[in-house]
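Read off the chains here:
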Amino acid sequence: MISLTYLRILFRGSRTNILVIQSSDHLSSVGRHFSFGKTQYSSNRMQSGAASAASGLYTPPAVRTPSLQQLSQSAARFNLDIDEAELKQYQDVIKEAMASYQRVDQMREPIPVVKWPRTPGWRPEPEDNPHNAWYWRTEITGASTGKLHGKTVAMKDTVAVAGVPMMCGSRIMEGYVPEYDATIVTRILDAGGTIKGKSVCEDLCMSGDSFTSVTGPVLNAHDRTRSAGGSSSGSATLLALEQVDMATGGDQGGSIRIPAAWSGVVGLKPTYGLVPYTGCVPLEITLDHVGPMARTVHDVALMLEVIAGYDNGLDPRQPANLIVPEYTTQLTGNLSGIRVGLLKEGFGNEWAEADVDELVRAQAHRLTSAGAVVEDMSLPLHYPDASHIYNVINEGSLETGIKGNGLGVGWKGFYPTSMLDAIAKGYGTRANDMPPTGKFTFLLYDCITTNYGTRFYAKGQNLSRMLTQAYNQALSSHDVIIMPTIPFKATKLPNKDISISEICRTALSFGQMSNVCPTNLTGHPAISINAGFSHGLPVGMMIVGRHFDDATVLKVAHAFEKIRDSKT
C-alpha cells in the first residue's frame, strides 16, 4: 500500500511543504522533479515567480537603493574621492541595476529534495542526557535494507537535517531549522541507517575542548570532571557511552580526532574532498572536512563506504574522478610489506606527557607482529612551523564563517541561503553572544587584515603547499606515519570563574592541536584510535596516510585494533 505524507518544515515563520510517497520499500518525491546526476531537486523551487511581476501589481523591493550617505561611506572605505554630484549619477545607475536583484529574488533556487519523512523530534530532558552530549533527539528511519541497516547514527550539529533544529552550539544560530538534508544525511538514510539525533558541538566549532557550547559542557565518558575533546564533543561521548553505533564529526583543526582520542573511540578525518561537505556549516573552505566516527575501525570503514563519493559538483572541495573502494574488504589484519614511520616531531614536544609518548610508541611497535616494519622518521616542518602556518590560514574563517555568514563567496556548489540568512541575522542581533573564542578570532584577524590585507593568509597557503610536499615525500618511503593524536591526556573541565584569556588559551590550545592540524592543511587522511589507557584515561594514536589512500590508514588501524584487543 502507498500513502502520501506531508513533511512540514518550519523556518523562521516560513513554511515549506515537502510531499513524499511512502511505501514498504521506497520513498521518493511526488510530482515534477528533475535531477543532476544522483542529486534530485524539487521543481516547484524553480518556479520563476513571474506571475506577480507580469500582473503589474506592487511587489515589495528585494533590496533598497543605497542613499547618497551610504554611497559616500562606501566610497570612503575604498579611498575614492567622489563628490555629491558624481555620487548622484552613480546612484541613478545603481538604481537601474537593482532590477537584477529583484528578478533573482523572485526566482526559486534548486535545493536537494528531502527523501525520508520525519518529525521535528525533541530536546532531551537533563535526566535523559547526563553527559550533555545530545542537543536534539530524533527517530529518522531510512531504507529497509542497505549497508547501515540496523545501525544507529548521531549527526554532529553542524550537519543539516531537514526539519530538525540546528544551532552549532551557539546562540548565533539558535532557532534555525534547515529545510534541506546534508548529502551525508541522505546517503546514511539511503543505506538503511537510523538517525537518533543531533550531537552537541562546541560554540561555532571554535574549540578543541568541550566546555564552550551554550547548552553546557560535554562530560568525558571516562571521567565526568574532564573534557571530552572538541569540537565534535557530543559525537565522541555518545559513542563511548554506547548510545549510538556511529556518528559524524567535522574537522577543521582536529575536531574529529581530538574528541576521539580523549573519549577512547575511533575517528577518521578523511582525505580532503573524499566525503562531500554539502549542507554542513563551513568554517574555512580549505580546511573543512567531515567524516565518520565509531567504536570500531570496521564501523568507521563501513560508514565511509556510504558517505564518501562525488556529489555532482555541489561541493567544490571534491575532484570529479573520485573512486570509493570497499574499505571493509581490506581489513585483513595482515600488514606484510607495510612500512610505518614514527614521526620524531610528533613526540616529545613541550606539551607532551611522557606516559602518552611511551604508550603510543610501544603500541606502534606491536604492529610488527602483523608483518609491518616500524622505524623512526623525521619531518621537520611538522612542528612547530605547521601549527604557525595553520594559525595564519585560519584567518580565512573570518572571511567565510563570520564576514561571509558561514558560506563566503567564490566557489561553485550548493549555497544553503536559509543558513546564510540565519547566521547573518544572528551576527546582526546577537554578536555579543559570540563565544570568547569567536570574539578572539574576529578581533585578531580583523586587525591583521585591516592593517596588512590578506598577505599573511596568502603566504600561509603557499607555505601549506610546501608542507604538503614534505608529507608526500615522507609518505613516499612509508605507507603511514604514526604519532600521538594529542600529546597529553584529557584535561579537567574549567570552573565557572574562568577568565576570557583562559578560555581562549584552553579551547584553542597550541599543544592540543600540534599533531592534528597539519593534516587539515595538507588534506592527508588521518585516523585516531585508542592506544590504551594511562591513569584511567584514553590515549589516542594517530595514523596518517597518502591522499585518497584512506584504505591503508584503515587497514593499519584495524590491524592494531586486533592486536590491542587480542587475549594473548
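Scope of this entry: the structure provided in the associated data block. Quick caveat, the model's predicted, so the values are computed rather than measured.

**Topic: the pairing of strand 15 (residues 526-534)**
Burial within strand 15 is extensive, with eight of its nine residues counted as buried. In this sheet, strand 15 lies alongside strand 10 (residues 266-269) in antiparallel orientation, the contact comprising three bridges. If you follow Lys269 over to strand 15, its bridge partner there is Ala526.

**Details of the packing of aromatic side chains**
Summed over all chains, the structure comprises six aromatic pairs. Note on Tyr180 and Phe414: the rings are 5.4 Å apart at their centroids and 80° apart in plane angle, and the pair reads as edge-to-face. One end of the pair, Tyr180, is in the loop between strand 7 (152-156) and helix 4 (183-190); the other, Phe414, is in the loop between helix 10 (396-403) and helix 11 (417-430), and 234 residues separate them in sequence. As far as burial versus exposure is concerned, Tyr180 and Phe414 are alike and both buried. Cation over ring: Arg361 sits above Phe347, and NZ or CZ is 4.4 Å from the ring centre. If you follow Arg455 out to its NZ or CZ, it ends over the ring of Phe456, 5.1 Å from the centre.

**What to know about a negative patch on the surface**
Together, Asp81, Asp83, Glu84 and Glu86 give the surface a local cluster of negative charge. Tracing the chain through its elements places Glu84 in helix 3 (residues 84-106). A residue is classified by how much of its surface remains accessible, and Glu84, at 58% relative accessible area, is exposed.

**Notes on the side chain of Arg226**
Mapped onto the elements, Arg226 comes out in the loop between strand 8 (194-199) and helix 5 (233-240). When neighbours within four sequence positions are excluded, Arg226 is seen to be in contact with Val218, Leu219, Asn220, Ala490, Thr491, Lys492, Leu493 and Leu537.

**As for the packing of helix 9 (residues 385-393) against helix 13 (residues 455-477)**
For the pair helix 9 and helix 13, the least separation of the axes is 8 Å and the interaxial angle reads 140°. For the element pair helix 9 / helix 13, the angle class is oblique. In this structure, helix 9 crosses over helix 13, and the sense of that crossing is left-handed. Facing Ala386, Ile389, Val392 and Ile393 of helix 9, the residues of helix 13 in contact are Phe456, Tyr457, Gly460, Gln461, Leu463, Ser464 and Leu467.

**Structural notes on the nonpolar core**
Membership of the largest hydrophobic core comes to 113 residues, with the highest contact counts inside it found for Leu367, Ile543 and Leu554. If near-sequence neighbours (up to four positions away) are discounted, Leu367 is found in contact with Leu335, Val340, Ala372, Val374, Ile482, Val556, Phe560 and Ile563. Membership of the second largest hydrophobic core comes to 26 residues, among which are Tyr176, Leu407, Phe414 and Tyr427.

**So, the side chain of Glu202**
The residue Glu202 is located in the loop between strand 8 and helix 5 in this model. One buried charge, Glu202, has no salt-bridge partner; the nearest side chain with opposite charge is Lys156, at 8.6 Å. Within the structure, Glu202 has its side chain in polar contact with the side chain of Ser233 (distance 2.8 Å). Setting aside residues up to four positions removed in sequence, Glu202 forms contacts with Cys168, Gly169, Ser207, Asp209, Ser210, Phe211, Thr212, Ser213, Gly230, Ser231 and Ser233.

**Here's the deal with the environment of Thr437**
For Thr437, the location among the structural elements is in helix 12 (residues 436-452). Take Thr437: its relative accessible area is 1%, and that puts it in the buried class. In the structure, Thr437 is positioned 374 residues away from Val63 in sequence and 33 Å away in space, judged by C-alpha atoms. Discounting chain neighbours no more than four positions away, the residues touching Thr437 are Met206, Cys504, Ala507 and Leu508. A polar atom in the side chain of Thr437 sits 3.1 Å from the backbone oxygen of Met206.

**Regarding the sheet that holds strand 13 (residues 373-377)**
On the basis of which strands lie adjacent, the open sheet formed by eleven strands has the order 6-8-7-9-11-10-15-16-14-12-13 and mixed pairing. With one partner strand each, in any of the chains shown, strand 6 (134-141) and strand 13 form the two edges of the open sheet. Taking each pair of neighbouring strands and ignoring which way they run, the sheet shows an average axis angle of 25°. Here strand 10 runs beside strand 11 (residues 290-294); their pairing, made up of two bridges, is antiparallel. Paired with Val266 across the two strands is Ala294, which belongs to strand 11. Set on the sheet, helix 16 (residues 550-565) makes contact with strand 10, strand 14 (480-484), strand 15 and strand 16 (537-545); between it and strand 15 the angle comes to about 15°.

**Digging into the pattern of salt bridges**
Counted according to the given criterion, the structure contains 24 salt bridges. Notably, a salt bridge pairs Lys198 with Asp157, separated by 2.7 Å at the nearest N-O pair. Taken together, the residues span a long stretch of sequence, with Lys198 in strand 8 and Asp157 in the loop between strand 7 and helix 4 at a distance of 41 residues. Grouping residues by exposure puts Lys198 and Asp157 together as buried.

**Details of the state of the cysteines**
Under the counting rule described, the total for this entry stands at zero disulfides. For Cys168, which is in no disulfide, the shortest distance to another cysteine sulfur is to Cys205 and amounts to 4.1 Å. Judged by relative accessible area, which is 2%, Cys168 ranks as buried. Cysteine Cys201 shares no disulfide, and the gap to the nearest cysteine sulfur, in Cys205, comes to 4.1 Å.

**Notes on the environment of Leu189**
Take Leu189: it is sitting in helix 4. For Leu189, a relative accessible area of 0% translates into the label buried. Measuring from C-alpha to C-alpha, the distance between Leu189 and Lys115 comes to 8.9 Å, with 74 residues separating the pair along the chain. Discounting residues that sit within four places of it in the chain, Leu189 has contacts with Trp116, Arg118, Ile140, Thr141, Gly142, Ala143 and Ile195.

**Some details on the pairing of strand 9 (residues 246-250)**
In terms of residue burial, strand 9 counts as a mostly covered element, since five of its five residues are buried. Residues Met246, Thr248 and Gly250 line one face of strand 9 and the alternating positions Ala247 and Gly249 line the opposite face, and both faces are buried. Of the pairings in the sheet, the one linking strand 9 to strand 11 comprises five bridges and is antiparallel in character. For Gly250, the partnering residue across the bridge sits in strand 11 and is Val290.

The rules behind the values
- Residues numbered from 1 in each chain as written.
- Predicted model: local features only at pLDDT ≥ 70, side-chain atom pairs only at ≥ 80, totals over all residues.
- Heavy atoms only, no water.
- Buried < 20%, exposed > 50% of the residue type's maximum accessible area, 1.4 Å probe, protein only.
- Helix = DSSP H or I, 4+ residues; strand = E, 2+ residues; numbered from the N terminus.
- Pairing = 2+ DSSP bridges.
- Phe/Tyr/Trp six-rings, centres within 6.5 Å; stacked < 30°, edge-to-face > 60°.
- Lys NZ or Arg CZ within 6 Å of the ring centre and 35° of its normal.
- Patch = residues over 30% accessible without salt bridge, like charges linked within 9 Å, V, L, I, M, F, W, Y side chains within 5 Å.
- Areas by Shrake-Rupley, 256 points an atom, 1.4 Å probe, with all protein chains shown as cover.
- Salt bridge = Lys/Arg side-chain N within 4 Å of Asp/Glu carboxyl O.
- Lys, Arg positive; Asp, Glu negative; His and termini not counted.
- Charge placed at Lys NZ, Arg CZ, Asp CG, Glu CD.
- Contact = heavy atoms within 4.5 Å.
- Axes fitted to C-alpha atoms, helices over the stretch in contact; angles between N-to-C directions.
- Parallel < 35°, antiparallel > 145°, perpendicular 65-115°, else oblique.
- Left-handed = near helix turned anticlockwise from the far one by under 90°.
- Core = buried A, V, L, I, M, F, W, Y, C linked by side-chain atoms within 4.5 Å.
- Polar contact = N/O pair within 3.5 Å; in protein donor to acceptor, adjacent residues only side chain to side chain.
- Disulfide = S-S within 2.5 Å.

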